[in-house]
Amino acid sequence: MVKAKNLYLSKIQLKAELERCLNCPSKPCMSACPVNCSPQEFIAQAKSGYFEQAVETISRNNPMGQTCGLICPDKFCMKACTRSHIDFAVNIPKVQATILEKYRQQKNDNFLVSSNGRKIAIIGAGPAGMAAAAELGRQGYKIDIYEASNQIGGALNMIPDARLPYNVIEKDWSFIFNREFITLHLTTKIDNPANLFNQGFDGVIVATGEPNVVGLNIPGEDCSLSYMDYLRQPKKYAATGKVAVIGGGNVAADCALTAVENGASHVEMFVRRRLSDMRISQQEHLELLKNEINISALSSPEKIEKNEDGLSLSIRRNHMLNGELRPLPGAVIELTGFDLVITAIGSRADAKINDNRIIYAGDCKHGGSTIVEALASGRDAARLLDDRLSLAAE
């Protein structure tokens, strides 16, 4: 696993990455960024020694720039980086995270807008909720954020500390624009967003993610553990023997890597489709290989049983036929001796309410997404709600 001390670039590494940037006038990296951040601009500023301006450029469109820099996948700005056609892309996310870690300073002279007299409730303190709060604060709204858990971050809290230390989330939160306009309510679950209008709120943004785990619907499923339970309390479920992870996405990879970190002697991932269909970054794939995690592709779980040797897992082999996934007739094998079976095949959102004053953002609107996509969704939801309330006031 990557140690926290290696999350950021050294001064020499940072200088080297800054020098590699070609300063493309067309800014393909900016066009590829869901929040429209401009790496070409902040890299040019940092290269000239203007780190304070670089911090401002990053924070202009991204209220969680340091968190985003640590975990943003390589399919956005890095994929668009012109340098990748020469040798390899500038590591833009890590450059961004390093600049904010080393050069961001708390200011007391931030320009604070005056209140516009309206109140907004935001349900959920994950990336989408934070982005919505940052955007609405700029528009002069008073904001109350309601978070069901005892800490901010939402699904970010399930990312292993080796990839994302919690204090980074707190640090980004401490720099949110116009914090004086924001009141945070932890351990406060809102069951019906519409009830908040009785408390004088003019609008509501729901950014609750996908709190409902998708089940396997197979015999013995109750013997398995959901990824939410596992990643929220990994030490509680530490296993020294064999661990099976069912799923092939980012969350499944986090489960597998966490199991290794917790002392599992053997970890195997079971992926329904092909290796090439796995929705993980190249870096995550390399981490799985480095930690000797076995990936069994074209494998679907059929049954889980508890016996004297622990847990057994019956797996059906699949194959691709004319582009479609098909089961191989009779190709079911039983694997035994697992200490833990973790399911990580997805989740779903709560039912939505149809009301123009309620806007949905983040994973509860779009399904599972990356942090930068959730941030963009939260910002867009805030702008949409502002437009609707402004029109209603005319």
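Before reading further, recall that the structure is shown in the block above.
First, a word on scope: everything that follows refers to the structure included in this document.

Cut-offs used in this document
Residues numbered from 1 in each chain as written. Predicted model: local features only at pLDDT ≥ 70, side-chain atom pairs only at ≥ 80, totals over all residues. Heavy atoms only, no water. Helix = DSSP H or I, 4+ residues; strand = E, 2+ residues; numbered from the N terminus. Rg over C-alpha atoms; globule rule 2.2 N^0.38 Å. Buried < 20%, exposed > 50% of the residue type's maximum accessible area, 1.4 Å probe, protein only. Contact = heavy atoms within 4.5 Å. Areas by Shrake-Rupley, 256 points an atom, 1.4 Å probe, with all protein chains shown as cover. Lys, Arg positive; Asp, Glu negative; His and termini not counted. Charge placed at Lys NZ, Arg CZ, Asp CG, Glu CD. Pairing = 2+ DSSP bridges. Axes fitted to C-alpha atoms, helices over the stretch in contact; angles between N-to-C directions. Polar contact = N/O pair within 3.5 Å; in protein donor to acceptor, adjacent residues only side chain to side chain. Right-handed = clockwise from strand over helix to strand, strands pointing away. Phe/Tyr/Trp six-rings, centres within 6.5 Å; stacked < 30°, edge-to-face > 60°. Lys NZ or Arg CZ within 6 Å of the ring centre and 35° of its normal.

This part covers the overall build of the protein. Counting secondary structure elements, the protein contains 14 helices and 14 strands. Compactness check: the protein gives a C-alpha radius of gyration of 23 Å against a globular reference of 21 Å for 394 residues, within 12% of the reference. Projecting the C-alpha coordinates of the protein onto the three principal axes gives extents of approximately 65 × 55 × 45 Å. Split into buried and exposed, the 394 residues of the protein put 48% on the buried side. Put simply, 72% of the contacts in the protein that link residues at least 6 apart link residues at least 24 apart. Surface summary for the protein: the accessible area is close to 18,900 Å², and the carbon and sulfur share equals 48%. A gap of 4 Å separates the mean positions of the 44 positive and 44 negative side-chain charges of the protein.

Hydrogen bonds between backbone groups are what pair the strands of a sheet, and the pairing can be parallel or antiparallel. Across the sheet, which stays open at both edges, the 5 strands sit in the order 3-2-1-4-14 with parallel pairing between neighbours. Unpaired on one side and paired on the other, strand 3 (182-185) and strand 14 (358-360) mark the two borders of the sheet. Here the strands of the sheet are splayed against their neighbours by 20° on average, with no regard to which way each runs. Its contacts with the sheet place helix 8 (residues 127-138) against strand 1 (119-123), strand 2 (142-146), strand 3 and strand 4 (203-206), and it is angled at close to 165° to strand 1.

The residue Asp 144 is located in strand 2 in this model. Taking C-alpha positions, Asp 144 is 19 Å from Asp 387, a pair spaced 243 residues apart along the chain. Polar contacts involving the side chain of Asp 144 include one to the side chain of His 185, which spans 2.6 Å.

Moving on, we get to the pairing of strand 8 (residues 266-270). Counting buried residues along strand 8, 4 of its 5 residues qualify, which places the element largely inside the surrounding structure. Across 5 bridges, the pairing between strand 7 (residues 242-246) and strand 8 is parallel. Along strand 8, the bridge assignment pairs Ala 244 with Glu 268. Of the pairings in the sheet, the one linking strand 8 to strand 9 (residues 294-296) comprises 3 bridges and is parallel in character. Note that in strand 9 the partner of Phe 270 across the bridge is Ser 296.

All right, on to the pairing of strand 7 then. Most of strand 7 sits out of view: 4 of its 5 residues are buried. Between strand 7 and its parallel partner strand 8, the chain crosses via helix 11 (residues 250-261), and the hand of that crossover is right-handed. Looking at chain direction, strand 7 and strand 12 (residues 324-343) are connected through 5 bridges and run parallel. Within strand 12, the residue paired with Val 245 across the bridge is Ile 342.

Its identity as a non-glycine residue notwithstanding, Asn 23 has a phi of 55°, on the positive side. Among the structural elements, Asn 23 can be located in the loop between helix 1 (11-20) and helix 2 (28-32). Even without being glycine, Leu 298 reaches a positive phi, approximately 50°. In this fold, Leu 298 is placed in the loop between strand 9 and strand 10 (299-307).

Along the polypeptide, Ser 377 turns up in helix 14 (residues 371-393). By relative accessible area, which is 7% here, Ser 377 ends up buried. Dropping the residues within four chain positions of it, Ser 377 is found in contact with Ala 361, Gly 362 and His 366.

Further remarks concern the environment of His 319. With respect to the element layout, His 319 can be found in strand 11 (residues 310-321). Put simply, His 319 and Ala 134 are 185 residues apart on the chain and 47 Å apart in space, counted from C-alpha to C-alpha. Setting aside anything within four residues of it in sequence, one finds His 319 in contact with Leu 298, Glu 324, Leu 325, Arg 326, Pro 327 and Leu 328.

Bringing the packing of aromatic side chains into the picture now. The final tally for this structure, using the stated rule, is 3 aromatic pairs. Geometrically, the ring pair formed by Phe 51 and Tyr 103 is stacked, given 3.8 Å between the ring centres and 10° between the ring planes. Linking Phe 51 in helix 4 (residues 51-61) with Tyr 103 in helix 7 (residues 92-103), this pair joins segments that are 52 residues apart in sequence. Since its relative accessible area comes to 17%, Phe 51 is described here as buried. In this structure, Arg 20 packs its charged tip against the face of Phe 88, placed 4.0 Å from the ring centre. Over the ring of Phe 181 we find Lys 142; its NZ or CZ atom is 4.4 Å from the centre of that ring.

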